[in-house]
Amino acid sequence: MSAITIAFLFCHNLSANFLTLAWPTPNPSFAKGLGYHAFLQKTGPGKEFSSGAFGCVRNNGYKFHEGLDLFPLRSSKQGHAEDSVFAVMDGTVSHVSYSATASAYGKYIVVEHKGFNPVLYSLYAHLAKISDGLKVGSKVKITQVLGKMGNSASFHIPLSRSHLHFEVGLRLSDQFSKWYDRQSFKTKNKHGNFNGYNLVGFDPIHFYSSFQKMKFSSPKEYLNSLPVVTKIRVSAPNLPFFARQNPSLTTGNIKGLSIKSWICSFGPFGVPLRLEPSGLSTTEKIQVLSYNEQVDSDSCRKLIVRDKGKLRPSNQLETYLELIFLE
């Protein structure tokens, strides 16, 4: 059976200007509107299926999970998953990690979808096998087989819980190693700009379900639909990679403007929504301009905290700002 007949497509318009999505595994349950139990891999026998979802779903809500864990439909008699993993959009392979133990992702692939603005990434982790011939720079088509689902990781994943960890989101910097080297990490960065610290995912289930309901037809429209959690003014005169990579998320007129600062809007869990250049200089390096606490209620990934009665970015959001404006 060919990949195109077992991958599930979601499309509004097949012209090049519109988004078409495929589900990353052969499981039809999401496409049929079934619940979490029909496609999410829970973290253990006594856990809820929601533990395989996106968000603050681990450790009683105090640990963040960046993507979805999707279980296999077919396994061998020995327990090895046999499901293929599919590219969810046309794109270019930007990173391949062939090592099963080099990171918590195990063997994984990152595809960047540069046919859209903003540029999305999709990530496929814990693979047992990566398709022959796939390498950095390989062009892939939607529904193309990228590999086989597995349980590879730097930590132990039981064979019985083999799954695909799937993410979709935005990359922050093209100089990530410079930031990483400034930290006190004890391990070497083996993944360049495609280290998980440099990737900010959004909820794949919300993304796909909103697309199914025809609420958007492009990544930009989707990001515009997300609520703004906070706006931050950052004193920075440079034009960052994130703005160059994603000009559709950069508002205002840059041409001829002497940039002194940027107003950055962030959505749920820290996904950057908009960057607006400003000629206004400020004595404060970082200033919180607005904050909607009602949409920032998850304790594991809060964007704003109160420090002696004053609002300031959380450590997580400070990291995102450092990466976006890395010099």
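Heads up: the structure comes first, above all this text.
In this text, all values refer to a predicted model and were calculated from it rather than measured experimentally. (Residues numbered from 1 in each chain as written. Predicted model: local features only at pLDDT ≥ 70, side-chain atom pairs only at ≥ 80, totals over all residues. Heavy atoms only, no water.)

Trainee: Residue-level account of unusual backbone geometry, with values.
Mentor: Excluding glycine, most residues fall at negative phi; most peptide bonds, likewise, are trans. In this model, Asn 117 is joined to Pro 118 through a cis peptide bond whose omega is 10°. Looking at where Pro 118 falls in the secondary structure, it is placed in the loop between strand E8 (107-113) and strand E9 (120-130). Although it is not a glycine, Asn 60 adopts a positive phi angle of roughly 60°. With respect to the helices, strands and loops of the structure, Asn 60 is situated in the loop between strand E3 (55-58) and strand E4 (63-65). Asn 60 sits in the exposed class, given a relative accessible area of 77%. With phi around 65°, His 126 is a residue other than glycine that occupies positive phi space. Residue position: His 126 is located in strand E9. Classification of His 126 as buried rests on a relative accessible area of 5%. (Helix = DSSP H or I, 4+ residues; strand = E, 2+ residues; numbered from the N terminus. Buried < 20%, exposed > 50% of the residue type's maximum accessible area, 1.4 Å probe, protein only.)

Trainee: An account of the side chain of Asn 195 is requested, with residue identities and associated values reported.
Mentor: In this structure, Asn 195 sits in the loop between helix H2 (176-182) and strand E13 (199-201). Overall, the relative accessible area of 10% leaves Asn 195 in the buried class. A polar atom in the side chain of Asn 195 sits 3.1 Å from the side chain of Asn 189. For Asn 195, the contacting residues outside a window of four places in its chain are Phe 176, Tyr 180 and Asn 189. (Polar contact = N/O pair within 3.5 Å; in protein donor to acceptor, adjacent residues only side chain to side chain. Contact = heavy atoms within 4.5 Å.)

Trainee: Quick one: what's the story with the sheet that holds strand E17 (residues 286-291), residue by residue and with numbers?
Mentor: Spatial ordering of the open sheet is given by E16-E15-E14-E17, a layout of four strands whose pairing is antiparallel. The outermost strands of the open sheet, each flanked by one partner alone, are strand E16 (272-278) and E17. When the angles between neighbouring strand axes are averaged without regard to direction, this sheet yields 20°. Relative to E16, strand E15 (residues 261-266) runs antiparallel, the two sharing six bridges. (Pairing = 2+ DSSP bridges. Axes fitted to C-alpha atoms, helices over the stretch in contact; angles between N-to-C directions.)

Trainee: Could you give me a rundown of the pairing of strand E14 (residues 230-235), with the residues and numbers involved?
Mentor: Pairing of E14 with E15, which is carried by six bridges, proceeds in the antiparallel orientation. Residue pairing across strands places Val 234 opposite Trp 262, the latter belonging to E15. With five bridges connecting them, E14 and E17 associate as antiparallel partners. Paired with Val 234 across the bridge in E17 is Ile 286.

Trainee: Talk me through the packing of aromatic side chains; I want residue IDs and the actual numbers.
Mentor: This structure, assessed with the given rule, holds 26 aromatic pairs. Each ring, one from Phe 207 and one from Tyr 208, has its centre 5.9 Å from the other, and the planes form 85°; the classification is edge-to-face. By relative accessible area, which is 1% here, Tyr 208 ends up buried. Through a chain of ring-to-ring contacts, three or more aromatic side chains come together here, namely Trp 23, Phe 30, Tyr 36, Phe 39, Tyr 124, Phe 166, Phe 202, Phe 207, Tyr 208, Phe 211, Phe 216 and Tyr 222. Here the guanidinium or amino end of Lys 42 rests over the ring plane of Phe 49, the centre of that ring lying 4.6 Å away. (Phe/Tyr/Trp six-rings, centres within 6.5 Å; stacked < 30°, edge-to-face > 60°. Lys NZ or Arg CZ within 6 Å of the ring centre and 35° of its normal.)

Trainee: Describe helix H3 (residues 204-212), and please don't skip the residues or the numbers.
Mentor: In terms of burial, H3 is largely enclosed, as seven of its nine residues are buried. Buried within H3 are the following residues: Pro 204, Ile 205, Phe 207, Tyr 208, Ser 209, Ser 210 and Phe 211. One side-chain oxygen of the residue at the start of H3 lies 3.0 Å from the amide nitrogen of Ile 205, identifying that residue as Asp 203. Looking one or two residues past H3, Met 214 carries a phi angle of roughly 60°, positive in sign.

Trainee: Before we move on, could you go through the environment of Ser 51 and cite the residues and values that matter?
Mentor: Assignment of secondary structure puts Ser 51 in the loop between strand E2 (20-22) and E3. Measuring from C-alpha to C-alpha, the distance between Ser 51 and Phe 39 comes to 12 Å, with twelve residues separating the pair along the chain. Those residues in contact with Ser 51, other than ones at most four positions away along the chain, are Lys 42, Thr 43, Val 57, Arg 58 and His 65.

Note that every value here comes from positions in space, so none of it alone points to a role or purpose.
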